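Spelled out, the chains give:
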Amino acid sequence: MTETKENLGLSGAEAGRRLRQYGYNEIAESKKLSGLLAFLVRFKNPLVLILIFAAVVSALTGDPVGASIIIAIVVISVFLDFFNTYKSQKAAEELKEKVMVTAEVIRDGKVTPLPLRMIVPGDVIELEAGDVIPADGKIILEKDLFLNESSLTGESFPSEKQVDMPAFLGTSVVTGTGRMLVELTGKKTKFSKIAESLEENQRPTEFERSIKDFSYLIMKITFVLVIFIFFVNAILKGGGAILESFLFAAALAVGLTPELLPMIITINLSKGSLAMAKHGVIVKKLSSIQNFGAMDILCTDKTGTLTEDKIELVKYVNAEGQADEKIFDYAFISSSFRSGFKNPLDGAVKEFKPFDVSGYRKIDEIPFDYQRKRDSIIVKTPGGHELVSKGAPEEMFATCGYYKTAENKLTAGIAKKLEAEYQALSKDGFRVLAVAKKAVEEKLAYTKEDEKDLIILGFIAFLDPPKKTVTETLKILENYGIGIKIITGDNELVTQKIAQEIQLQVTGVLVGSEIEKLHEHQLAVAVEKTTIFARVTPDQKKLIIETLQKNNHVVGFMGDGINDAPSLKAADVGISVNNAVDVAKESADLILLHKSLKELVNGVIQGRKTFANTLKYLMMGLSSNFGNMFSMAGASLFFPFLPMLPTQILLNNLLYDGSQFVIPLDNVDDEAIKKPRKMKIHFLRRFMVVFGILSSVFDFVTFFVLTYVFHYTNHAFQTGWFITSFATQILVVFVIRTKAIPFYSSKPAKSLIISVFAFLALAFFFALGPIKNIFGFAPLSIAMIFSALLITLLYLITIEFAKRKFYQRIEE
């Protein structure tokens, strides 16, 4: 194996060879199939296999025409499913590539951003704060490099890395810079086994659980009904009718099964992701769109979301509230030499005014962490070594023993003044950091144990004004049934000031120290009453989200920092921004191209439209379609002939499915998107019982008319029943697609109108046109055709009245 040159990395040719040898850097095998395989795999559906087997048997026993029709219909159905699903998935994948996380890889002596999956053993990776470690390997260069390895060790304190020390996939850079040599990729990495167990234990979404329950419900009904019909028909009609009964039962199963459901969901979600992309929201995980629509609580930090994210240093003051240049000078030294993630506070300090640091040389760094809430820099000065520290005032106070100089003890009186000044600045809306220093002895390495008996100098105060549009956006979110909770590491007084300025109603405030003291059931009550969670750690952020979820909320979390990754993963909807650190983007379900709540509103609306259109398909299948198939099964027990031939059932199903492809494009009523909605299996069950029975009642009315008014039997009966059943099951979409009374006050999409009437005309053509004999249809009288249309009209009127009563009962 060719050795890697530390500075040049691999050549492009060698990297390509290793990619073929070791495969893609993915912890799970890629589940993407080629177009041909994606098409062929659809034939694994048990119902499809049963129909093909039955068709082959039919051909061998003397009915090649009927067998050919069955196979043709099956192939067309599979192709339509494949074509629409594959096209939608491909469009969604192209969007995801826009926000793909990359690594800085040295290839042919040049630093090149590459997708993580393209990294191979032997690659050399440049590392800086916020980067994810893309594979297992060892550190070959470092400068103050600290990694967060909590995903592997559970230890939240950053781990310092030196040359030749290991670095693992699944960890991330907290501070410093470095370079690593990749040794293991993909499933050979240490994190791979952990990720597999996490995948197995991953909590399905509310929508996924409901769809699974719905599928089980349909499977049970279909299995019992089809087995019963097959055996009863075979017994009643004699042994010679076994093949016909088998085909009839299999075709009936196809009619009962909502086999388009996966495709409808995929098209809905893909369409939703494309629409959201136009509004600046890129969807990484399609299933999260449903959760986005169901979200009723959004947890967010205030910086950049509620504020302008234009932080400016405004003042630097001591305990007496007086400006002191020494405070600024040491703050500038800290911000200049800090090698961690370049946060906006450091940027604001350096942009305020210049300060000459040429007389200082950085010796070491103690990086920021969320227990200490501070960072420290050790510098060499003409007078010796000094430790310069800045961080959250409440944490800094505990480490300080002196004020301004090493001769001036920090007395209770001075401490009280410092606290009062800090509180006053916070109440005025300033973000405040304390600055401290002390002389230290020269030694090889410095630790957090050196951060004691510091000399506190004073405070630096920053201002980040609230966004002008955020008040209006918050009102819109409230109107859509979404509550806002602010979860921040900042001071509660600053956060309350911002909340007041943006007119966010605050029902309660909790700080991290108070959360630590609450028992599980106390926290469950407290999170419901609290709007602001301040001075919280990353673990507490995650705990708050998980507690809200246990309280039956669908929770969204918006974050962009290194510390936000656990919360992004825990939330039902993890939302980050395109300029976030890699570890945050990797953990998120949705990426905002611009950090704004306004972008979220559009996403929520699209998520709810997606849910509404998916529900329409389910309700269609559970009303006249399910009723028709149920009636057909019952009728087969009492008539000496089948009420509809297997080929006719399959044709009915194909035409019906074809008309449903445009449901994802349908308009959605404003009322349907006003509140978060969840899939409720008991609602679907009641809907099926009420509207399925109503459909069957009209089916038996049709049987009566066909038998006793027109005296039709066999093919004529089947033809009359085919056009009536198809008209009822396809036209009912205009009634049940909306809660509006009357239904025509809600305007359907033009594509839906065109599709429904085009397929209705097509059904009449197949049943009454020149090719009717191929499918076993027979001519009908004009009177019968008008009777079918009259029955359909009466059915739609009845469904409209039943719909009114049904929703009145549901809402009571």
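About the criteria used
Residues numbered from 1 in each chain as written. Predicted model: local features only at pLDDT ≥ 70, side-chain atom pairs only at ≥ 80, totals over all residues. Heavy atoms only, no water. Phe/Tyr/Trp six-rings, centres within 6.5 Å; stacked < 30°, edge-to-face > 60°. Helix = DSSP H or I, 4+ residues; strand = E, 2+ residues; numbered from the N terminus. Buried < 20%, exposed > 50% of the residue type's maximum accessible area, 1.4 Å probe, protein only. Lys NZ or Arg CZ within 6 Å of the ring centre and 35° of its normal. Patch = residues over 30% accessible without salt bridge, like charges linked within 9 Å, V, L, I, M, F, W, Y side chains within 5 Å. Areas by Shrake-Rupley, 256 points an atom, 1.4 Å probe, with all protein chains shown as cover. Salt bridge = Lys/Arg side-chain N within 4 Å of Asp/Glu carboxyl O. Lys, Arg positive; Asp, Glu negative; His and termini not counted. Contact = heavy atoms within 4.5 Å. Charge placed at Lys NZ, Arg CZ, Asp CG, Glu CD. pLDDT = per-residue confidence, 0-100. Pairing = 2+ DSSP bridges. Axes fitted to C-alpha atoms, helices over the stretch in contact; angles between N-to-C directions. Expected span 1.5 Å × (residues − 1). Arc of directions from axis to C-beta. Left-handed = near helix turned anticlockwise from the far one by under 90°. Nonpolar A, V, L, I, M, F, W, Y, C, P; charged D, E, K, R; others polar. Core = buried A, V, L, I, M, F, W, Y, C linked by side-chain atoms within 4.5 Å. Polar contact = N/O pair within 3.5 Å; in protein donor to acceptor, adjacent residues only side chain to side chain.

Further remarks concern the packing of aromatic side chains. In total, this model carries 33 aromatic pairs according to the counting rule given. Between F328 and F352, the ring centres sit 5.7 Å apart and the planes meet at 55 degrees, which makes this aromatic pair tilted. A residue pair is termed long-range when its members are at least 10 positions apart, and F328 in helix α11 (residues 325–337) and F352 in helix α12 (residues 344–352) qualify at 24 residues. The exposure class of F352 is partly exposed, given its relative accessible area of 34%. A centroid spacing of 6.0 Å and a plane angle of 20 degrees characterise the contact between F734 and F757, whose relative ring orientation is stacked. Taken together, the positions of F734 in helix α26 (residues 733–736) and F757 in helix α27 (residues 750–768) put the pair 23 residues apart, joining distant regions of the chain. The exposure class of F757 is partly exposed, given its relative accessible area of 45%. Put simply, the rings of Y316, F328, F332, F352, F355 and Y360 pair up and form one aromatic cluster. Residue placement shows K353 over the ring face of F328; its charged tip is 5.1 Å from the ring centre.

All right, on to a nonpolar patch on the surface then. A contiguous nonpolar patch, built from F223, V224, I227, F231 and I235 and spanning about 550 Å² of accessible area, is present on the exposed surface. The residue V224 is located in helix α7 (residues 206–236) in this model.

Attention now goes to the side chain of E421. Within the secondary structure layout, E421 lies in helix α14 (residues 412–427). The side chain of E421 sits in the buried core without any salt bridge; K315 is the nearest counter-charge, 5.9 Å away. Aside from chain neighbours lying at most four places away, what touches E421 is V317, N318, A319, G321 and F459.

What follows is about a positive patch on the surface. On the surface, a cluster of positive charge is made up of R686, R804, K805 and R809. Element by element, the count of residues in the positive patch is highest for helix α28 (residues 782–811), at three residues. Along the chain, R686 turns up in helix α24 (residues 681–709). R686 gets classed as partly exposed once you look at its relative accessible area, which sits at 41%.

In terms of backbone geometry, most residues other than glycine have negative phi values and most peptide bonds are trans. Here the residue pair I741 and P742 is connected by a cis peptide bond, since its omega of -5 degrees sits within 30 degrees of zero. Phi angles above zero are rare outside glycine, and D164 is one such case at about 75 degrees. Of note, D164 is situated in the loop between β5 (159–160) and β6 (166–167). On the accessibility criterion, D164 (54% relative accessible area) is exposed.

It is worth spelling out the confidence of the model for the protein chain at this point. Averaged over all residues, the pLDDT of the protein chain is 84; the fraction at 70 or higher stands at 85%. Low confidence marks residues 197–201, where pLDDT is under 50. Its contacts with residues over four positions away, or in another chain, come to zero contacts.

Reading across the sheet, the eight strands line up as β8-β22-β21-β20-β9-β17-β19-β18 and stay open at both edges, with mixed pairing between neighbours. A strand with exactly one partner marks an edge of an open sheet, and here the two such strands are β8 (281–283) and β18 (509–511). Direction aside, neighbouring strands of the sheet carry axes that sit 20 degrees apart on average.

Attention shifts here to the environment of I532. Checked against the element boundaries, I532 lands in strand β19 (residues 532–534). The exposure class assigned to I532 is buried, which follows from its relative accessible area of 0%. It is 9.6 Å that separates the C-alpha atoms of I532 and C299, two residues lying 233 residues apart in sequence.

The end-to-end C-alpha distance of α27, which contains 19 residues, comes to 27 Å, matching closely the 27 Å that a straight helix rising 1.5 Å per residue would cover. Where α27 is concerned, the buried positions are L752, S755, V756, L760, A763, F764, F766 and A767. Along the axis of α27, the buried residues cluster in a sector spanning 165 degrees; they form a single face. Exposed and facing more than 90 degrees away from the buried side of α27 are K750 and I754.

Before going further, it helps to spend a moment on the packing of α24 against helix α25 (residues 714–731). Taken N-terminus to C-terminus, the directions of α24 and α25 make an angle of 145 degrees; their axes are 10 Å apart at the nearest point. When you trace α24 past α25, the crossing you get is right-handed. Along its contact with α24, which presents D699, T702, F703, L706 and T707, the element α25 presents F717, G720, W721 and T724. Of the residues that constitute the contact of α24 with α25, the class distribution is four nonpolar, four polar and one charged.

What follows deals with the nonpolar core. Within soluble globular proteins, side chains that are nonpolar tend to cluster in buried spots. Core analysis: the biggest nonpolar cluster contains 78 residues, and L684, F687, Y712, F717, F722, L731 and I799 have the highest contact counts within it. Sequence-distant contacts of F722, that is, excluding residues within four places in its chain, are made with M644, Q648, L651, N652, L655, A763, A767 and F777. I265, M295, F533 and I673 belong to the second-largest nonpolar core, a separate cluster that totals 60 residues.

Among the structural elements, D309 can be located in the loop between β9 (297–300) and β10 (312–317). The sequence separation of D309 and P344 amounts to 35 residues, and the corresponding C-alpha distance is 8.3 Å.

Inspection of the sheet shows strand β1 (residues 102–107) paired to strand β2 (residues 110–115) by six bridges, in the antiparallel sense. Residue pairing for β2: V105 is matched across the bridge by T112. Remark: two residues form the turn of the hairpin made by β1 and β2, two consecutive strands paired antiparallel; D108 in that turn has positive phi of roughly 55 degrees.

Moving on: the pattern of salt bridges. If charged atoms from side chains of opposite charge come close, those side chains can pair. What the rule picks out here adds up to 27 salt bridges. One salt bridge in this structure joins E14 and R18, with 2.7 Å as the shortest N-O distance. Residue E14 and its partner R18 are located together in helix α1 (residues 12–22), separated by four residues, close to a single helical turn. Each member of the pair, E14 as well as R18, is classed as buried. A salt bridge links R431 to D490; the nearest nitrogen and oxygen atoms lie 3.0 Å apart. In this pair, R431 sits in strand β15 (residues 431–440) while D490 sits in the loop between β17 (483–487) and α16 (492–501), placing the two residues 59 residues apart along the sequence. Connected through salt bridges with shared partners, the residues R338, D346, D375 and K390 form a single ionic network.

What follows is about the environment of A398. Here A398 shows up in the loop between α13 (393–397) and β14 (400–403). As for A398 and D453, which are separated by 55 residues in sequence, their C-alpha atoms are 8.9 Å apart.

What α16 keeps buried is the set E492, L493, V494, T495, I498 and A499. Where α16 is buried, its residues contact α14, β15, β17, β18 and β19. Two or three places before L493, at the opening of α16, N491 has a side-chain oxygen 2.5 Å from that residue's backbone nitrogen.

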